[in-house]
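The lines below spell out each chain.
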Amino acid sequence: MGLPPAAKPDVNVIIRKVIPEFAETKYGAYPMNESAWLSPAAKVPGSGQPGFIRHQDKSTATLKQDYVWGPGTRAFGYYHLLTQEAYVILAARLQSMSAATKGCGCFGGGSDDPSKGTPDEIKKVQLIMYARSKSPVPKDAYASEFAVQEAGAAFRPPDDIGAWELRGDKVKA
């Protein structure tokens, strides 16, 4: 008899470890299952929080509960976690983090601190945020399937490319 398998960490625990904006919010928990994205111009139902708060200056941008700071459809500022723009920002940030962990780390990217996420954890969270950034609705079950289909469509060759081009055969003159 062997030892029982190690318990898998909860996805939300990993997300909170990798993305500081998720540490103390009730929004965006996995699996996300909302009916529609909040427009940055709208207010959050129930709380009245704005979907977007303009804030151009990166040097004074701090963590703001329920928001992600970065560039979006309305300008630089804080986008609420119920807006798709928040996930576009997070997907780009995590792509940068993921790329930095593959390099030397000499330009400030990546982290040797496992409390901020291992490369595998960052990659898992990156996939979730990427799927959300592409999905027309904020439902993780739909978002992951949509992202896979979109990626497949993006890498399909045009109809006019023959099988010889896909195999790498040379064109005869």
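Because the structure is predicted, anything quoted here is derived from the model rather than measured.

Criteria and thresholds
- Residues numbered from 1 in each chain as written.
- Predicted model: local features only at pLDDT ≥ 70, side-chain atom pairs only at ≥ 80, totals over all residues.
- Heavy atoms only, no water.
- Salt bridge = Lys/Arg side-chain N within 4 Å of Asp/Glu carboxyl O.
- Helix = DSSP H or I, 4+ residues; strand = E, 2+ residues; numbered from the N terminus.
- Buried < 20%, exposed > 50% of the residue type's maximum accessible area, 1.4 Å probe, protein only.
- Pairing = 2+ DSSP bridges.

Caption draft 1: The arrangement of the pattern of salt bridges in detail. Enumeration according to the criterion identifies three salt bridges in this entry. A salt bridge links Arg 93 to Glu 21; the nearest nitrogen and oxygen atoms lie 2.8 Å apart. Taken together, the positions of Arg 93 in helix H2 (residues 84-102) and Glu 21 in the loop between helix H1 (11-18) and strand S1 (52-54) put the pair 72 residues apart, joining distant regions of the chain. Of the residues examined, Glu 21 reaches a relative accessible area of 9% and is grouped as buried. Of the charged contacts, one joins Asp 140 and Arg 132 as a salt bridge, the two residues approaching to 2.7 Å between their closest N and O atoms. Accessibility assignment for this pair places Asp 140 and Arg 132 in one class, buried.

Caption draft 2: Broad picture of the pairing of strand S3 (residues 75-80). Burial of S3 is extensive: five of the six residues sit out of reach of the surface. Bridging between S1 and S3 involves three bridges; their strand directions are antiparallel. Bridged to Ile 53 within S3 is Tyr 78. The pairing of strand S2 (residues 67-72) with S3 spans six bridges and is antiparallel. Bridged to Tyr 67 within S3 is His 80. Linkage of S2 to S3, two consecutive antiparallel strands, is achieved through a turn of two residues.

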